[in-house]
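Coordinate analysis (summary)
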Amino acid sequence: MLFLWCSCSVVAMAGNDHPEWSVLLLPSDLTDKANSVIREHNEVLTIANDHAASAQVSCTVTLLNDQAKRLSHIVLYYDKLQQVQNISASIYDATGKHLRSLKSKEWSDVPAYSDISLMTDDRLIVFDLVHTTYPYTIHYSYTRNYNGYMKFSFSPFLDEYQSIEKSSYKVLCSNKNNLIYFCENLEQTAETSDQRNKSVWEWNFDKAHYTEVEVLSGNFYDNTPQVNIIPQKFSLDDYDGSNETWTSFGMWCHSLWKGRDNLPNEAISEIAAQIKP
């Protein structure tokens, strides 16, 4: 657990005011029927190679009323294959005036599954950005480093009854032929360009509104836009694989079980001794 603990850090954030986040600047069409508004939600994913990637995440949300309270409870997942670093977070009042920043003693590092914590290294970083008066704005950012991966996903919406002022998802990859993507509930195609010897894909979700869905119509993310990034070559826990064909992916799945049905001689002898008449 020590390795995972040391992989996380909270960075003190300067207490600068942000008048551009004032609720007075929000157009009525973004606040109508909304409990919260995403002011900015940006993620930049850089795929370095088949084994490593990093994501820079920054999110600013204005909570209009107490129906959006759950957005003040931030949960960041991590494990031995993905670490969270450089966490910073702050609270601003309705005018964008800085109220306070997150302190290291205000966040917790807890097991992701308490009932089986001895069987897994999955962890959660948890903290709350709570203010007593609505509306108010929260901002948080962090870096997620991947030591192995299979796919990546991004959704611009965080909650129901939410609108978006600005949001973007950018993917940088050094090998253009090593990446494919597919979108759900989204007709928009990626804007492509080249940047410092890397191929770039970018999606923008500005002035977007969450569409109400019927009760029992499925999971929240089943009804919201989502971008899925599928590298054709990948590595997960030191197992190299390929998404180029179903056959190559099936061979990778098969490799995960290779040799696991062969017991070492010591185990065979121990078991034989225990069942010996």
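In this text, all values refer to a predicted model and were calculated from it rather than measured experimentally.

What counts and what doesn't
- Residues numbered from 1 in each chain as written.
- Predicted model: local features only at pLDDT ≥ 70, side-chain atom pairs only at ≥ 80, totals over all residues.
- Heavy atoms only, no water.
- Helix = DSSP H or I, 4+ residues; strand = E, 2+ residues; numbered from the N terminus.
- Buried < 20%, exposed > 50% of the residue type's maximum accessible area, 1.4 Å probe, protein only.
- Contact = heavy atoms within 4.5 Å.
- Areas by Shrake-Rupley, 256 points an atom, 1.4 Å probe, with all protein chains shown as cover.
- Lys, Arg positive; Asp, Glu negative; His and termini not counted.
- Charge placed at Lys NZ, Arg CZ, Asp CG, Glu CD.
- Phe/Tyr/Trp six-rings, centres within 6.5 Å; stacked < 30°, edge-to-face > 60°.
- pLDDT = per-residue confidence, 0-100.
- Polar contact = N/O pair within 3.5 Å; in protein donor to acceptor, adjacent residues only side chain to side chain.
- Core = buried A, V, L, I, M, F, W, Y, C linked by side-chain atoms within 4.5 Å.
- Pairing = 2+ DSSP bridges.
- Axes fitted to C-alpha atoms, helices over the stretch in contact; angles between N-to-C directions.

Check the secondary structure of the chain and you find 4 helices and 18 strands. When burial is assessed residue by residue, the chain has 42% of its 277 residues classed as buried. Pairs at least 24 apart in sequence give 73% of the contacts found in the chain among residues at least 6 apart. Of the roughly 15,900 Å² of accessible surface on the chain, 51% is carried by carbon and sulfur atoms. Positive and negative side-chain charges in the chain, numbering 22 and 35 respectively, have mean positions lying 5 Å apart.

A full pass over the atoms with the stated rule returns 11 aromatic pairs. Ring geometry for Trp21 and Tyr92: centres 5.1 Å apart, planes at 85°, overall edge-to-face. Here the residue Trp21 occupies a position in the loop between α1 (2-6) and α2 (28-31), and Tyr92 occupies one in strand β4 (residues 82-92), the gap between them amounting to 71 residues. Accessibility classification places Trp21 together with Tyr92 in one group, the buried group. Each ring, one from Phe154 and one from Phe205, has its centre 6.1 Å from the other, and the planes form 35°; the classification is tilted.

For the chain, per-residue confidence averages 87 on the pLDDT scale, and residues scoring 70 or more make up 91% of the total. Long-range and interchain partners of residues 1-6, a stretch whose pLDDT sits below 50, account for 12 contacts in this model, where long-range means more than four residues apart.

As a further point, take the side chain of Glu165. Position of Glu165 among the secondary structure elements: in the loop between β10 (162-164) and β11 (167-173). Within the structure, the side chain of Glu165 is placed 2.7 Å from the side chain of Arg39, a separation counted as a polar contact. Contacts of Glu165, omitting those with residues within four sequence positions, involve Leu26, Leu30, Val37, Ile38, Arg39, Asp206 and Lys207.

Along the chain, Tyr134 connects to Pro135 via a cis peptide bond; the corresponding omega equals -5°. Of note, Asn185 is a non-glycine position whose phi angle comes to about 55°, a positive value. Within the secondary structure, Asn185 is located in the loop between β12 (179-184) and β13 (191-195). One non-glycine residue, Asp238, adopts positive backbone phi at about 70°. Relative to the helices and strands, Asp238 is located in the loop between β17 (233-236) and β18 (239-242). Exposure remark for Asp238: the relative accessible area of 71% places this residue in the exposed category.

Quick look at the nonpolar core now. In this structure, Ile47, Phe127 and Trp203 are the most contacted members of the largest nonpolar core, which totals 49 residues. Among the elements that take part in this core, strand β2 (residues 52-63) stands out by supplying 6 residues, more than any other. What Ile47 contacts, discounting residues up to four positions off in sequence, is Ala52, Ala53, Tyr149, Phe152, Val171, Leu172, Cys173, Ser174, Leu179, Lys198, Ile229 and Pro231.

We now examine the sheet that holds strand β6 (residues 108-111). An order of β3-β7-β6 is seen for the 3 strands of this open sheet, with the pairing classed as antiparallel. Both edges of this open sheet fall to β3 (73-78) and β6, since each of them pairs with a single strand only. Neighbouring strand axes in the sheet, compared pairwise and without regard to direction, differ in orientation by 30° on average. Sheet topology places β6 next to strand β7 (residues 123-128); 4 bridges connect them, and they run antiparallel. Paired with Asp109 across the bridge in β7 is Ile125.

In this section: the sheet that holds strand β9 (residues 152-154). Reading across from one edge, β9-β16-β12 is the order of the 3 strands in this open sheet, with antiparallel pairing throughout. This sheet does not close on itself; its edge strands, each paired only once, are β9 and β12. In this sheet, neighbouring strand axes are inclined to one another by 20° on average, regardless of whether the strands run parallel or antiparallel. As paired strands, β12 and strand β16 (residues 226-231) are joined by 6 bridges and run antiparallel to one another. Looking across to β16, one finds that Ile180 is bridged to Ile230.

Further remarks concern the environment of Pro27. For Pro27, the position within the fold is in the loop between α1 and α2. The spacing of Pro27 and Lys207 is 180 residues in sequence and 9.8 Å in space, taken between C-alpha atoms.

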